[in-house]
Amino acid sequence: MSDVGTMVSRMALDLLDLLPAEWRDVMKPHLDLDATAKLSAFVEHAYATETVYPPQEDLFTAFRLTSPAHTRVLILGQDPYFKPGQAHGLSFSVRPGVTVPPSLRNVYKELEDDLGVSRPKNGDLTPWASQGVLMLNAVLTVGVKPGSHANKGWEAFTDAAIKAVNDSPYRVVFVLWGAYARKKAALVTNSHHVVLEAGHPSPMNPAGFLGSKPFSKIKAALLESGRGEITWS
């Protein structure tokens, strides 16, 4: 038996069991259960043997805070922050008291330039999540190097979440920043949804994000469909 097979056979962690029931119900039809079991084994082994971010209790924060039925906006990141104390289960977000990362500073700058909203004093985006903004990373764990948990199965798992949101009968605005996220546009097939694409907000990206006005476009799309506004402040 392979190492992965051995891990699966003695696996205690089950990612589907950790998901809130509402998400489990809508994602399961889009998942390969054998592949999900192998991913569960990888995640369990990683948390047991290496430094992993976010902490395991924060792994599914985005799903806990934003249910499928209440998802109005999906903001997709690539993988979690990889420095201690940063990642807490929401893409681009950090807890209060943690220095706002450069990418999020640019998001705040664009928010101010676009809607005139003063820049928040911290980087905690939990209030956005509570209003139906699903802040999802394509890969939900990382080690001490960026991208270290890519191609381990997370991509198929989070694709299932995107497909589940695509199944929603209500309009959702999919916000895809950067080349990696923009590849996921092909998963959004229902015409009543809106897809907004732009460059990544990282300062390493010299063009393509600042000036893209995503927040006013989100506002217009939600109001047009009767789904209300997000309070970004």
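Source: prediction; values computed, not measured.

Asks: Account for the UniProt feature "active site" (unreviewed entry) in the protein chain, naming residues and giving values.
Replies: Within this numbering scheme, the UniProt entry marks Asp79 as carrying the feature "active site" (unreviewed entry). Assignment of secondary structure puts Asp79 in the loop between strand E1 (73-77) and helix H6 (102-115). Residues in contact with Asp79, not counting those within four places in the same chain, are Asn137, Val139, Val142, Pro146 and Gly147. For Asp79, the side chain forms a polar contact with the main-chain nitrogen of Gly147, separated by 2.6 Å.

Asks: I'd like to hear about the side chain of His88, residue by residue, with values.
Replies: With respect to the element layout, His88 can be found in the loop between E1 and H6. At 2.7 Å, the side chain of His88 forms a polar contact with the side chain of Ser93. The residues touching His88, leaving out its near neighbours within four places in the chain, are Pro54, Asp58, Thr61, Ser93, Val94, Arg95, Asp124 and Thr126.

Asks: Quick rundown of the sheet that holds strand E3 (residues 173-177)? Include the residues and the values.
Replies: Taken in spatial order, the four strands line up as E2-E1-E3-E4 in an open sheet, and their pairing is parallel. Both edges of this open sheet fall to strand E2 (133-137) and strand E4 (194-198), since each of them pairs with a single strand only. Put simply, the sheet's adjacent strands are angled 20° from each other on average, direction ignored. Sheet contacts for helix H8 (residues 154-166): E1, E2 and E3; angle to E2, the most-contacted strand, approximately 155°.

Asks: Break down the packing of aromatic side chains for me, citing the residues and quoting the values.
Replies: Applying the stated criterion to the full structure yields ten aromatic pairs. Judged by centre distance (5.0 Å) and plane angle (70°), the ring pair of Trp23 and Phe63 falls under edge-to-face. Remark: Phe63 occurs in helix H5 (residues 61-65) and Trp23 occurs in helix H3 (residues 21-27); sequence separation between them is 40 residues. Here Phe63 falls in the buried class, since its relative accessible area comes to 2%. Taking 4.7 Å as the distance between ring centres and 85° as the angle between the ring planes, the aromatic pair formed by Trp128 and Trp232 counts as edge-to-face.

About the thresholds
- Residues numbered from 1 in each chain as written.
- Predicted model: local features only at pLDDT ≥ 70, side-chain atom pairs only at ≥ 80, totals over all residues.
- Heavy atoms only, no water.
- UniProt positions renumbered as here; feature names shortened; annotations may be inferred.
- Helix = DSSP H or I, 4+ residues; strand = E, 2+ residues; numbered from the N terminus.
- Contact = heavy atoms within 4.5 Å.
- Polar contact = N/O pair within 3.5 Å; in protein donor to acceptor, adjacent residues only side chain to side chain.
- Pairing = 2+ DSSP bridges.
- Axes fitted to C-alpha atoms, helices over the stretch in contact; angles between N-to-C directions.
- Phe/Tyr/Trp six-rings, centres within 6.5 Å; stacked < 30°, edge-to-face > 60°.
- Buried < 20%, exposed > 50% of the residue type's maximum accessible area, 1.4 Å probe, protein only.

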